[in-house]
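What the coordinates show
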Amino acid sequence: MSDALINGLAGAGGGIIAQLITYPLQTVNTRQQTERDQSRRDENTGTIHQMYQVVKQEGWTRLYGGLTTSLVGTAASQGVYYYFYQIFRTKAEITALERRKRGLGDGTVGMFSSLMVAAFSGCVNVLLTNPIWVVVTRMQTHKKKSQPQQTDSKSSDDRVIAEIEAPPFGTNLAIQELYDESGLRGFWKGVLPTLIMVSNPSLQFMLYETLLKKLKQKRALSKNAKKGVTALEIFLLGALAKLGATVVTYPLLVVKARLQAKQVIDGDKKRQYKGTMDCIMKMIRYEGIKGCYKGMSTKIVQSVLAAAVLFMIKEELVNGARWLLTKDAINKARLKAS
């Protein structure tokens, strides 16, 4: 099994676990980002209160709207990303060693090379998986609505108003709605800001790799040179890296969510976006700079927690897989020797 495949599978596994833990926060955050009604002040009531309101008005299952599709998307995204990341990373390391032989550099992958590796991996990931995330956004932002139905009681004059729920807004309905609205092009809505958003994981991995490298160098010079990097340290490094990347790139995330959400809202052109620049201009014009950072506190908590869990689980899975492969190779060698 190749190292790239090990990292790809480990990334997918870590991403799924992180998604399961943080999905309710993700749902609330997407709703905060796509809220365009300035008369609503729900975003000021706090994340916990909004989660409570969703549960109270729509049921707790709405916090997990689109979870199945999102898990598929997470597995696909993390698997694709880490697979290509490892391939590009290996090529970068080979190039760095070749440069060292020519007397250029110290043989390690620099910050710029790490940034480019993450960027290329992110672009491949976006182009392949964007349709999944458009559908997930639709499902997360869909709100249950009820309609009144009059039913006869014993007295013909006595009417009881009963609420009946609309059919569940599942993956098939979300796909059909998106196709009816925009055709096949609709599945790549928000792809431009998403491509620009590859700077987020690029910054994240650049920070992570840099922090990890410095920690290993410091550990090598200390008395605990034989002690490896612990799961807790990986958790903290992942959290710090994601925090820095999220703060810098958050406005692009809001633009992406708004482009992917359902556009037709009461015929109000202020809430409809023709493209990335139109969305940015209308957000600033009608909501101010503050509108570009809607729900950021929720996103920071969700992203930092998810990234930290992902890094920790991924590293443990990779180490476990390598240990099993090494053990298997040793056993095979012993059998041949005997």
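Within each chain, residue numbers correspond to sequence positions counted from 1 in written order. Note on the predicted model: pLDDT of at least 70 is required for a residue's local features to be given, and 80 or more for side-chain atom pairs to be given and counted; whole-chain, interface and lining totals, by contrast, use all residues. Excluded from the side-chain calculations are hydrogens and water; all other atoms, namely the structure's heavy atoms, are used.

An unreviewed UniProt entry lists the protein under the name Peroxisomal nicotinamide adenine dinucleotide carrier, with Heracleum sosnowskyi given as the organism. UniProt positions are given in the numbering used here, feature names are shortened, and annotations may be inferred rather than shown by experiment. Quoted verbatim from the Subcellular location (unreviewed entry) heading of the UniProt record, the comment on the protein is "Membrane". For the record of the protein, the UniProt heading Sequence similarities (unreviewed entry) holds the text "Belongs to the mitochondrial carrier (TC 2.A.29) family."

Here the focus is the overall build of the protein. Elements are defined by DSSP. Helices are runs of H or I of four residues or more, strands are runs of E of two residues or more, and each kind is numbered from the N terminus. Helix and strand content of the protein: 10 helices and 2 strands. The helix and strand sequence of the protein, counted from the amino end, reads α-α-α-α-β-β-α-α-α-α-α-α. Residue exposure (1.4 Å probe, protein chains only): buried if accessible area is under 20% of the type maximum, exposed if over 50%, otherwise partly exposed. Taken over 338 residues, the protein has a buried fraction of 43%. A fraction of 79% describes how many contacts in the protein between residues 6 or more apart in sequence connect residues 24 or more apart. Per element, the accessible surface of the protein, about 19,000 Å² overall, is 62% carbon and sulfur. Note on contacts: a residue pair qualifies if any of its non-hydrogen atoms lie within 4.5 Å across the two residues. Every accessible area reported is derived by Shrake-Rupley at a probe size of 1.4 Å, with residue values counting cover from the shown protein chains alone.

Turning to the environment of leucine 259, a few remarks are in order. Mapped onto the elements of the fold, leucine 259 is located in helix α8 (residues 231-260). You can call leucine 259 buried: its relative accessible area is 8%. Remark: the alpha-carbon pair of leucine 259 and threonine 276, spanning 17 residues in sequence, is separated by 7.5 Å. Setting aside residues no more than four positions away along its own chain, leucine 259 makes contact with Lys189, Gly190, Pro193, Tyr273, Gly275, Thr276 and Cys279.

Moving on to the side chain of lysine 256. In this structure, lysine 256 sits in helix α8. One buried charged residue, lysine 256, forms no salt bridge at all, with the nearest opposite charge on glutamate 181 at 16 Å. Discounting residues that sit within four places of it in the chain, lysine 256 has contacts with Gly190, Pro193 and Thr194. Counted as positive: Lys and Arg. Counted as negative: Asp and Glu, with His and the chain ends omitted from the count. Salt bridge criterion: a side-chain nitrogen from Lys or Arg within 4 Å of a carboxyl oxygen from Asp or Glu.

Right, let's talk about the packing of helix α1 (residues 3-34) against helix α4 (residues 111-141) for a bit. Each pair of packed helices can be described by the angle between their axes along with the distance between the axes. A fitted line through C-alpha atoms represents every axis, and for helices the fit uses only the stretch in contact; the resulting angles, taken between N-to-C directions, go from 0 to 180 degrees. For the pair α1 and α4, the least separation of the axes is 9 Å and the interaxial angle reads 75 degrees. As far as their axial angle goes, α4 and α1 are roughly perpendicular. Between α1 and α4, the residues in contact are Gln19, Tyr23, Gln26, Thr27, Thr30, Arg31 and Thr34 and Trp133, Val136, Thr137, Gln140 and Thr141, respectively. Across the contact of α1 with α4, the residue classes break down as 3 nonpolar, 8 polar and 1 charged. With respect to orientation, any angle under 35 degrees is reported as roughly parallel, any angle over 145 as roughly antiparallel, any angle of 65 to 115 as roughly perpendicular, and every other angle as oblique. When residues are grouped by polarity, Ala, Val, Leu, Ile, Met, Phe, Trp, Tyr, Cys and Pro land in nonpolar, Asp, Glu, Lys and Arg in charged, and all others, Gly among them, in polar.

By this rule the span expected of a helix is its residue count minus one, scaled by 1.5 Å. With 12 residues, helix α5 (residues 171-182) ought to run about 16 Å at 1.5 Å a step, and its terminal C-alpha atoms sit 17 Å apart, in line with that. Next to the buried residues of α5 lie α4. At the exit of α5 stands glycine 183, carrying a positive phi of roughly 70 degrees.

For the rest of this paragraph, the subject is the nonpolar core. By size, the foremost hydrophobic cluster in this structure holds 21 residues, and its most contacted members are Tyr85, Phe205, Tyr208 and Phe311. Sorting the residues of this core by element identifies α3 (67-101), α4, α7 (199-221), α8 and α10 (296-337) as the ones contributing at least two each. Ranked by residues supplied to this core, first place goes to α10 with 6 residues. Setting aside chain neighbours within four positions, we find phenylalanine 311 in contact with Tyr82, Gln204, Phe205, Tyr208, Ile234 and Gly238. Nine residue types can take part in a nonpolar core, namely buried Ala, Val, Leu, Ile, Met, Phe, Trp, Tyr and Cys, and a core is a set of them joined through side-chain atoms within 4.5 Å.

Note that patches include only residues with greater than 30% relative accessible area and no salt bridge, and the join distances are 9 Å for like charges and 5 Å for nonpolar side chains (Val, Leu, Ile, Met, Phe, Trp, Tyr). On the surface, a nonpolar cluster with roughly 310 Å² of combined accessible area is contributed by Ile17, Leu20, Ile21 and Leu305. In terms of residues, the nonpolar patch owes the most to one element, α1, which gives 3 residues. Given the relative accessible area of 31%, leucine 305 is considered partly exposed.

Moving on: the pattern of salt bridges. Here the structure, examined in full by the defined rule, presents 9 salt bridges. Salt-bridge contacts for arginine 89 lead to glutamate 209; the nearest nitrogen and oxygen are separated by 3.8 Å. With arginine 89 in helix α3 and glutamate 209 in helix α7, this pair connects stretches of sequence that are 120 residues apart. Between aspartate 278 and lysine 282 there is a salt bridge, and its shortest N-O distance comes to 3.4 Å. One end of the pair, aspartate 278, and the other, lysine 282, are both in helix α9 (residues 276-287), 4 residues apart, so they sit about a helical turn from each other.

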